[in-house]
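# Descriptive analysis of the structure
In case you want the letters, here they are:
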Amino acid sequence: MAEGILRDLAGQNFNVFSAGSHPSRVHPQSIAAMNLWGLDISSHTSDHVDLYLDRGMDIVITLCDNANEICPVFPGNVELIHWSIDDPFRNWDFNPQTLDPYLNTMETIKARLEDFLEERGFKSVNSE
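Given the structure is predicted, the values throughout are model-derived calculations rather than measurements.

## Here's the deal with the nonpolar core
Met-1, Ile-5, Met-34 and Leu-113 are the most contacted members of the largest nonpolar core, which totals 22 residues. Contributions of two or more residues to this core are made by α1 (2-10), α2 (28-36) and α4 (100-119). Looking at this core, the element that brings in the most residues is α4, giving 6 residues. Excluding residues that lie within four positions of it along the chain, Ile-5 makes contacts with Met-34, Trp-37, Leu-39, Met-106, Ile-109, Lys-110 and Leu-113.

## Observations concerning α2
Residues lying three or four places apart along an α-helix face the same way, a consequence of the helix completing one turn every 3.6 residues. Buried within α2 are the following residues: Gln-29, Ser-30, Ile-31, Ala-32, Ala-33 and Met-34. For α2, the secondary structure elements touched by its buried residues are α1 and α4. Gly-38 lies just past α2 and shows a positive phi near 90°.

## Focus: the environment of Leu-63
Residue position: Leu-63 is located in the loop between β3 (59-62) and α3 (65-70). Leu-63 sits in the partly exposed class, given a relative accessible area of 24%. Each C-alpha atom, one on Leu-63 and one on Lys-110, is 12 Å from the other, the two residues being 47 residues apart in sequence. Setting aside chain neighbours within four positions, we find Leu-63 in contact with Ala-2, His-82, Trp-83, Ser-84, Ile-85 and Ile-109.

## Let's talk about the pairing of strand β4 (residues 79-82)
Pairing of β3 with β4, which is carried by 4 bridges, proceeds in the parallel orientation. By the bridge assignment, Thr-62 is partnered in β4 with His-82. The parallel pair β3 and β4, bridged by α3, forms a crossover whose chirality is right-handed.

## Description of the packing of α1 against α4
Viewed as axis vectors pointing N to C, α1 and α4 meet at an angle of 40°, and their least axial separation amounts to 10 Å. The angle between the axes of α1 and α4 places the two elements in the oblique class. In this structure, the crossing between α1 and α4 has a hand that is right-handed. Residues Ala-2, Ile-5, Leu-6, Leu-9 and Ala-10 of α1 pack against Met-106, Ile-109, Lys-110, Leu-113, Glu-114 and Leu-117 of α4. Grouping the constituent residues of the contact of α1 with α4 by class yields 9 nonpolar, no polar and 2 charged.

What counts, and at which threshold
Sequence order sets the numbering: in each chain, residues are counted from 1 along the sequence as written. In keeping with the model being predicted, local features are shown solely for residues with a pLDDT of at least 70 and side-chain atom pairs are shown and tallied solely at 80 or more, while totals for entire chains, interfaces and linings include all residues. The side-chain values count all of the structure's non-hydrogen atoms but skip hydrogen atoms and water molecules. Residue types Ala, Val, Leu, Ile, Met, Phe, Trp, Tyr and Cys, when buried and joined through side-chain atoms within 4.5 Å, form a set referred to as a nonpolar core. Relative accessibility thresholds used throughout: buried, under 20% of the residue-type maximum; exposed, over 50%; partly exposed, between the two (1.4 Å probe, protein chains only). Numbered from the N terminus, helices here are DSSP runs of H or I no shorter than four residues, and strands are runs of E no shorter than two. Throughout, a contact is declared for two residues whenever any of their heavy atoms are within 4.5 Å. Note: two strands are recorded as paired if DSSP finds a minimum of 2 bridges between them. With the strands pointing away from the viewer, any crossover whose connection runs clockwise from the first strand over the helix to the second is right-handed. For helices, the axis comes from a line fit to the C-alpha atoms of the stretch in contact; other axes are also lines fit to C-alpha atoms, and the angle between any two N-to-C directions lies between 0 and 180 degrees. Relative orientations are named as follows: roughly parallel for angles under 35 degrees, roughly antiparallel for angles over 145 degrees, roughly perpendicular for angles from 65 to 115 degrees, and oblique for any other angle. Helix crossings get a hand from a simple test, with the near helix turned counterclockwise from the far one by less than a right angle marking a left-handed crossing and a clockwise turn marking a right-handed one. Three classes are used: nonpolar for Ala, Val, Leu, Ile, Met, Phe, Trp, Tyr, Cys and Pro, charged for Asp, Glu, Lys and Arg, and polar for all others, with Gly counted as polar.

If you want it as structure tokens, here you go:
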């Protein structure tokens, strides 16, 4: 979700990647929640974080405590940012009646990313 939200808010201001220590497919609940916001993330993937260690990252943002604890050390002068955001994943079941945890996570990520962009002098291109 964070990749899709930042791409939408920042436009061409950032190269955005999504990676994880245990990458997998995008959860159907995340796709459904983002569709309600008008974003299609159904083709998004999460790569393994090791693929980005030598890509000259400027900023790395971790979104959950587990990711923060096991995030590898990126070489160079990388700004590390951690936001302790609850992961709504509980299982792989899809139930459109239980999107609330995903919608709440989406709104939290969106608010954090809007603040992140504002702190760096960027206006969100799609802020409400």
